[in-house]
Structure formats: C-alpha cells, structure tokens
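# Reading the structure
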Amino acid sequence: MICGSMATQCHHIIFRSQGGLSDLRNLACLCTDCHYQAHGVFAKEIRRNLLKEVEERTKRYEEN
Ligand SMILES: [Zn+2]
C-alpha cells in the first residue's frame, strides 16, 4: 500500500518478466493509480522503496 486507498491490484515488485515470483514477499497491494505509477516515470524510485520492504520481509520471515 502506498497512498492509503483501498488496494485492488497486486504489483510484482520484481517484475515477472525479470523472474519475480508470485510470492507474498514479492507482492505489493496497490490501488489502480499507484499501480499505474509503479510502472510509470517514478517506477525506479517506487521500486527502490518496495525492494527495501522485500528485504525487511525476508529478514522477518527468516527470523521466524
Ligand atoms: Zn494508491
């Protein structure tokens, strides 16, 4: 979630075309607008932030 709106779409943080899995750690629930942004001009910046989230999720997952 980015903007706080109701999420309606699943975004692959590491794109499927780049080998990203449909694993919960690689998915972000976004509203239609944020999903559009995640593939738009700010894609790199959004992706950088989401990748940090994936790292944290993976760390938490491995600790449990
Ligand atoms: Zn949004």
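These lines cover the structure that appears in this document, whether it is placed above or below.

Cut-off values and rules
Residues numbered from 1 in each chain as written. Predicted model: local features only at pLDDT ≥ 70, side-chain atom pairs only at ≥ 80, totals over all residues. Heavy atoms only, no water. Helix = DSSP H or I, 4+ residues; strand = E, 2+ residues; numbered from the N terminus. Rg over C-alpha atoms; globule rule 2.2 N^0.38 Å. Buried < 20%, exposed > 50% of the residue type's maximum accessible area, 1.4 Å probe, protein only. Contact = heavy atoms within 4.5 Å. Salt bridge = Lys/Arg side-chain N within 4 Å of Asp/Glu carboxyl O. Donors = N, O, S within 2.8 Å, 3.2 Å for Na, K, Ca; no water. Phe/Tyr/Trp six-rings, centres within 6.5 Å; stacked < 30°, edge-to-face > 60°. Lys NZ or Arg CZ within 6 Å of the ring centre and 35° of its normal.

Bringing the overall build of the protein chain into the picture now. Looking only at helices and strands, the protein chain has two helices and two strands in total. Counting from the amino terminus, helix and strand elements in the protein chain follow one another as β-β-α-α. In terms of overall size, the protein chain behaves like a compact globule, its C-alpha atoms giving a radius of gyration of 12 Å where 64 residues would be expected to give roughly 11 Å. By principal-axis analysis of the C-alpha atoms, the protein chain measures approximately 35 × 25 × 20 Å. A burial count over the protein chain gives 25% of its 64 residues as buried. Look at the contacts in the protein chain between residues 6 or more apart in sequence, and 50% of them connect residues 24 or more apart.

This part takes up the pattern of salt bridges. A complete count under the given rule lists three salt bridges for this structure. Asp-23 serves as the salt-bridge partner of Arg-25, at 3.1 Å between the closest nitrogen and oxygen. Using a relative accessible area of 25% as the deciding quantity, one classes Asp-23 as partly exposed. Of the charged contacts in the structure, one is a salt bridge between Arg-57 and Glu-53, with a shortest N-O distance of 3.3 Å.

Surrounding the zinc ion are the protein donor atoms Cys-3 (SG), Cys-31 (SG) and Cys-34 (SG), at 2.2 to 2.3 Å. Motif for the zinc ion, donor spacing along one chain: C-x27-C-x2-C. Each member of the pair, Cys-31 as well as Cys-34, is classed as buried.

Attention shifts here to the packing of aromatic side chains. What the rule picks out here adds up to zero aromatic pairs. A cation over an aromatic ring shows up here: Arg-25 above the ring of Tyr-61, its NZ or CZ 4.2 Å from the ring centre. Over the ring of Phe-15 we find Arg-47, and its NZ or CZ is 5.5 Å from the ring centre.

Keep in mind that these numbers describe shape and distance, not what the molecule does.
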